[in-house]
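# Working through the structure, step by step
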Amino acid sequence: MHELTRSVRIEELTFFRFLAAMVVVNFHYGLPKSAGLDEYSIFSAGPQMVTFFFVLSGLVMTVAYLPKQTSLSRYWWTRFARIAPVYLAALTVVIIAFSRQGKPLDPMAIFLNFTFLQAWVPDYPLSLNYPGWSISVEAFFYFSFPILIYAIKKWQLPWLSTLKIAIATWAITMLATSSYYATAHAASPGSPAFEKAHDLVHYLPLAHLNSFLFGIAGGQFVLARGKIIENQLFSTLAFMAVIAMIALLFEYQRAIFELVFGEALLFNTSIFAPIFFILILIVSISRSRIFSLFAWKPFVVLGDASYSLYILQYPAAIVFYRIFDNPLGPKIHEVFPFFAVALTLMAVFSYFFFERPAKAALMQYRPFKR
């Protein structure tokens, strides 16, 4: 098998991770539907933003690992060191909180969450630290990535061929999951069988593989073409047009997809992967003063801290619920701005004083040489 590589990253994209993570947090703990911000809003489209993470992950990893070579053992250990410390710490906090609250702890849930396998088993994706389901999906991507890169190198697939595979996988996924979900809902709405179908189509890693493939195709394109959009006005207008299209799709997604496809497709199974692919690609291949602002150091720091922000949101919310969610105080959504700021500060602290040192320690004492 071909070996993998490490290279530079695209700083302009880092801040978008923070924005997407904050949308997810707002979806979970922000303004309620009575305030007009529900899942059909760009500001609270949490499930859709996870798709953004998956596409971005594929592009960033391809840009970072495709050009040169490093051992597979180092690659896998580096990926583990990247996600495990904060993930396992947050999971431990949730387990301790559940135990103190007298909530039952399922040994299978504990096992699946600690082994990053919860997204594969119905009834368990959201069993403990529920945002961790997407990390279970990412772990699958990390495992699959060397195999995908090997195939790309062996068959010398250009970016366009990878993109065609991504589009085909996306179309098959959309049709299969939507049909299965609709059939399960019609047969037994609200039943355990339907809940199992819900978990399979929304959280199963295979249902999101197409998003990762879009990202890989984008990474190949970036490596092959570089910064090919020199016109700043064009890049800015293209970026604004895609953002407007995303906002429109989020706001009227059900009506639009029913009009175009004749049926309501599932919105949480990477259906927005193609449009996120375009957005991320525009930022990656454009030379623009607007985009260079995204590489401002404070924005990059927020982007770097976005993983901690994402995975710590539920442990932080548990604390806030104990403080605010009582008859004498406001609900957590009523103090959401305060919660968002506190969570952001916690994430930045975690990044500098736990996440980075833990990764450095693991890399220093890794069981693999080279």
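In this report, the structure presented in the accompanying data block is examined.

Cut-offs used in this document
Residues numbered from 1 in each chain as written. Predicted model: local features only at pLDDT ≥ 70, side-chain atom pairs only at ≥ 80, totals over all residues. Heavy atoms only, no water. Helix = DSSP H or I, 4+ residues; strand = E, 2+ residues; numbered from the N terminus. Buried < 20%, exposed > 50% of the residue type's maximum accessible area, 1.4 Å probe, protein only. Areas by Shrake-Rupley, 256 points an atom, 1.4 Å probe, with all protein chains shown as cover. Contact = heavy atoms within 4.5 Å. Axes fitted to C-alpha atoms, helices over the stretch in contact; angles between N-to-C directions. Parallel < 35°, antiparallel > 145°, perpendicular 65-115°, else oblique. Nonpolar A, V, L, I, M, F, W, Y, C, P; charged D, E, K, R; others polar. Lys, Arg positive; Asp, Glu negative; His and termini not counted. Salt bridge = Lys/Arg side-chain N within 4 Å of Asp/Glu carboxyl O. Patch = residues over 30% accessible without salt bridge, like charges linked within 9 Å, V, L, I, M, F, W, Y side chains within 5 Å. Expected span 1.5 Å × (residues − 1). Core = buried A, V, L, I, M, F, W, Y, C linked by side-chain atoms within 4.5 Å. Bend = angle between axes of the 7 residues up to and from the residue. Phe/Tyr/Trp six-rings, centres within 6.5 Å; stacked < 30°, edge-to-face > 60°.

## A word on the overall build of the chain
The helix and strand tally for the chain stands at 14 helices and zero strands. In the chain, the succession of α and β elements from N to C terminus is α-α-α-α-α-α-α-α-α-α-α-α-α-α. Sorting the 370 residues of the chain into buried and exposed places 52% on the buried side. Summing over all exposed atoms, the chain offers an accessible surface of approximately 17,300 Å²; the carbon and sulfur share of this is 69%.

## Remarks on the environment of Y180
Here Y180 lies in helix α6 (residues 159-187). The contact partners of Y180, leaving out residues within four places of it in the chain, are A197, L200 and V201.

## Some remarks on the packing of helix α12 (residues 297-304) against helix α14 (residues 336-364)
It is at 9 Å that the axes of α12 and α14 come closest, and there the two elements cross at 80 degrees. The angle between α12 and α14 places the two elements in the roughly perpendicular class. Every residue of α14 that contacts α12 at V301, L302 and D304 is listed here: T344, V348, Y351, F352 and E355. Its residues assigned to classes, the contact of α12 with α14 comprises five nonpolar, one polar and two charged.

## Overview of the side chain of R17
Mapped onto the elements, R17 comes out in helix α1 (residues 11-29). Despite its burial, R17 pairs with no opposite charge, the nearest such side chain being D304 at 4.2 Å. Discounting chain neighbours no more than four positions away, the residues touching R17 are F53, L56, R82, G303, D304, S306 and Y307.

## With respect to a nonpolar patch on the surface
On the surface, M108, F111, L117, W120 and L206 cluster together to form a nonpolar patch covering roughly 450 Å² of accessible area. Within the secondary structure, M108 sits in helix α4 (residues 107-114). Given the relative accessible area of 39%, M108 is considered partly exposed.

## A few points about α1
Taking 1.5 Å of rise per residue, 19 residues should cover 27 Å, and α1 covers 29 Å from first to last C-alpha, within 8% of that figure. Counting buried residues in α1 gives 15 out of 19 residues, a clear majority hidden from the surface.

## What to know about the nonpolar core
Counting 106 residues, the largest nonpolar core has Y29, F52, Y310 and F339 as the members making the most contacts within it. Here this core takes twelve residues from helix α2 (residues 46-65), the largest share from any one element. The residues contacting Y29, other than those within four sequence positions of it, are Y130, Q313, Y314, A317, Y321, I332, H333, F336 and F339. With five residues, the next largest nonpolar core counts A184, F194, A197 and V201 among its residues.

## Let's talk about unusual backbone geometry
With phi around 60 degrees, F116 is a residue other than glycine that occupies positive phi space. Here Q156, not a glycine, exhibits a phi torsion of approximately 50 degrees, which is positive. Checked against the element boundaries, Q156 lands in the loop between α5 (133-154) and α6.

## Side note on α5
When the terminal C-alpha atoms of α5 are compared, their 32 Å separation across 22 residues agrees well with the 32 Å that a helix rising 1.5 Å per residue should span. Of all bends in α5, the biggest is about 40 degrees, found at S144, and the proline P146 comes one to four residues later. Across the 22 residues of α5, 16 count as buried, placing the element largely inside the fold. In the stretch just after α5, Q156 is the one whose phi turns positive, near 50 degrees.

## Quick notes on the environment of P67
As for its placement among the helices and strands, P67 is situated in the loop between α2 and α3 (72-101). Along the chain, P67 and L223 lie 156 residues apart, while their C-alpha atoms are 8.0 Å from each other.

## Quick notes on the packing of aromatic side chains
The tally for this structure, following the rule as stated, stands at 36 aromatic pairs. Taking 6.1 Å as the distance between ring centres and 75 degrees as the angle between the ring planes, the aromatic pair formed by F16 and F239 counts as edge-to-face. One end of the pair, F16, is in helix α1; the other, F239, is in helix α9 (residues 232-261), and 223 residues separate them in sequence. Assigned by exposure class, F16 and F239 land together as buried. Linked through ring pairs, F54, Y65, Y75, W76, W120, W133, F140, F141, F143, F145, Y203 and F212 together constitute an aromatic cluster.

## Points about the pattern of salt bridges
A complete count under the given rule lists two salt bridges for this structure. Here E12 makes a salt bridge to K227, at a shortest N to O gap of 3.6 Å. Taken together, the positions of E12 in helix α1 and K227 in the loop between α8 (209-225) and α9 put the pair 215 residues apart, joining distant regions of the chain. The class for E12 is buried, based on a relative accessible area of 18%. Salt-bridge contacts for R82 lead to E355; the nearest nitrogen and oxygen are separated by 2.9 Å. With R82 in helix α3 and E355 in helix α14, the pair connects residues that are 273 residues apart, well separated along the chain. Judged by its relative accessible area of 6%, E355 falls in the buried class.

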